[in-house]
Amino acid sequence: MENILDDYAHQNALRDVDTRLKLVLGGGAIAVGILSTGPVAPLLIAVSMAAITVFLARTPGRFYAALLAIPLSFAALSAGVILFLQGGGAPLITLPVGGFTLTATTGSADMAALVLARTFAGMCSLFFIALTTPMVEIFAVMRGLRLPAEFVDLAMLIYHFIFMLIGEAVATHNAQEIRQGYTGFRNSLRSFPMLAGALFVRAWEKGEELILAMDARCYDGKFPLEEGGDGPSPLSTAAVAAYLLAVGVIALLTRGVQIF
């Protein structure tokens, strides 16, 4: 299950859409959402990007909701802190806690809503890229942009070893659980360092095996990547440009809009 994101990226309905176009759409939506000074445009971006990912790319809605709930839970905590610590405006909510009184004002509520909307827009746009674009195609775009070959190859190796380490950690943890390695607090304290040590050794061994495999295949300092393609169609390019222009205009027109 550790490869689930890349699995969806390879199987989604937008798989054949040009990678550069998807990156421009997702990256542009992230930029507009972050730069917006009002919550209307970020919320519109979040809803539209989520709809594209679920309905056009045909990503399962339940999986997408569970995936989105992880970062939004942290954003909700941050918004709650801002709600009671940011000043400005008329008092909105008063909450007595012990000997203190926490007060949420209209200014703090607007700031908390803006932070939550920006986070929602950014994560929906980022998940659009992650769930519709395989990483190997992103690496090919990086190579096409003439980024240093060392940078691209290092990114590919890091991406490879992330999933390798996850697989080794899951396998080792399962083996420890079968042997009752986490039945108590004391056993957990003993098992976790053993897991970390085994993972370090396995990573070292996997690295040496990878070097030998690369040498056996006459590695010359540059990983081969399939580049090029037919490019995006004029219709899809116009649709992406119109979408980014529309949300950009909405962000400008609603920059002074406040909820409270």
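Let us look at the structure shown here.

Further remarks concern the layout of surface pockets. Roughly 270 Å³ of internal volume is contained in the second largest pocket. Around the second largest pocket sit Asp6, His10, Met135, Val136, Phe139, Met156, Leu157, Tyr159, His160, Leu210, Phe223 and Pro224, which together line it. Among the secondary structure elements, those contributing two or more residues to the lining of the second largest pocket are α1 (4–11), α6 (135–144) and α7 (149–178). Considering every element that reaches the lining of the second largest pocket, the biggest residue donor is α7, with four residues. Of the residues that constitute the lining of the second largest pocket, the class distribution is nine nonpolar, two polar and one charged.

At a closest axis distance of 8 Å, the pairing of helix α2 (residues 19–35) and helix α5 (residues 106–132) adopts a crossing angle of 170 degrees. If you check the angle between α2 and α5, you find them roughly antiparallel. Two secondary-structure elements touch here, α2 through Lys22, Leu23, Leu25, Gly26, Gly27, Ala29, Ile30, Gly33 and Ile34 and α5 through Arg118, Ala121, Gly122, Ser125, Leu126, Phe128, Ile129 and Thr132. By residue class, the composition of the contact of α2 with α5 is nine nonpolar, six polar and two charged.

A grouping of Leu92, Ile93, Leu95, Val97, Leu102, Ile259 and Phe260 is seen on the molecular surface, where their side chains present a nonpolar patch of about 590 Å² in accessible area. With four residues, the top contributor of residues to the nonpolar patch is strand β1 (residues 91–97). The topology assignment puts Phe260 in the segment after α9 (234–253). Under the relative-accessibility criterion, Phe260 is labelled partly exposed at 48%.

Here Asp6 shows up in helix α1. A distance of 3.3 Å separates polar atoms of two side chains, one belonging to Asp6 and the other to Tyr159. Residues contacting Asp6, with those up to four places away along its chain left out, are Pro134, Met135 and Tyr159.

Quick look at the pattern of salt bridges now. In this structure the tally under the stated criterion is five salt bridges. With its nearest N and O atoms 2.2 Å apart, the salt bridge here joins Glu137 to Arg15. Separated by 122 residues along the polypeptide, Glu137 in helix α6 and Arg15 in the loop between α1 and α2 bring together distant segments of the chain. Taking the relative accessible area as the measure of exposure, Glu137 reaches 16% and is therefore buried. With a closest N to O distance of 3.1 Å, Asp153 and Arg143 form a salt bridge. Of this pair, Asp153 sits in helix α7 while Arg143 sits in helix α6, placing them 10 residues apart in sequence. We classify Asp153 as buried; its relative accessible area is 4%. Among the charged side chains, a salt-bridge network with shared partners connects Glu168, Arg202 and Glu205.

Cut-offs used in this document
Residues numbered from 1 in each chain as written. Predicted model: local features only at pLDDT ≥ 70, side-chain atom pairs only at ≥ 80, totals over all residues. Heavy atoms only, no water. 1 Å grid on protein atoms, 1.4 Å probe; cavity = no way out; pocket = protein on both sides within 12 Å on 5 of 7 lines; lining within 4 Å. Points joined across faces, edges and corners; volume = space filled by probe spheres on them. Helix = DSSP H or I, 4+ residues; strand = E, 2+ residues; numbered from the N terminus. Nonpolar A, V, L, I, M, F, W, Y, C, P; charged D, E, K, R; others polar. Axes fitted to C-alpha atoms, helices over the stretch in contact; angles between N-to-C directions. Parallel < 35°, antiparallel > 145°, perpendicular 65-115°, else oblique. Contact = heavy atoms within 4.5 Å. Patch = residues over 30% accessible without salt bridge, like charges linked within 9 Å, V, L, I, M, F, W, Y side chains within 5 Å. Areas by Shrake-Rupley, 256 points an atom, 1.4 Å probe, with all protein chains shown as cover. Salt bridge = Lys/Arg side-chain N within 4 Å of Asp/Glu carboxyl O. Buried < 20%, exposed > 50% of the residue type's maximum accessible area, 1.4 Å probe, protein only. Polar contact = N/O pair within 3.5 Å; in protein donor to acceptor, adjacent residues only side chain to side chain.

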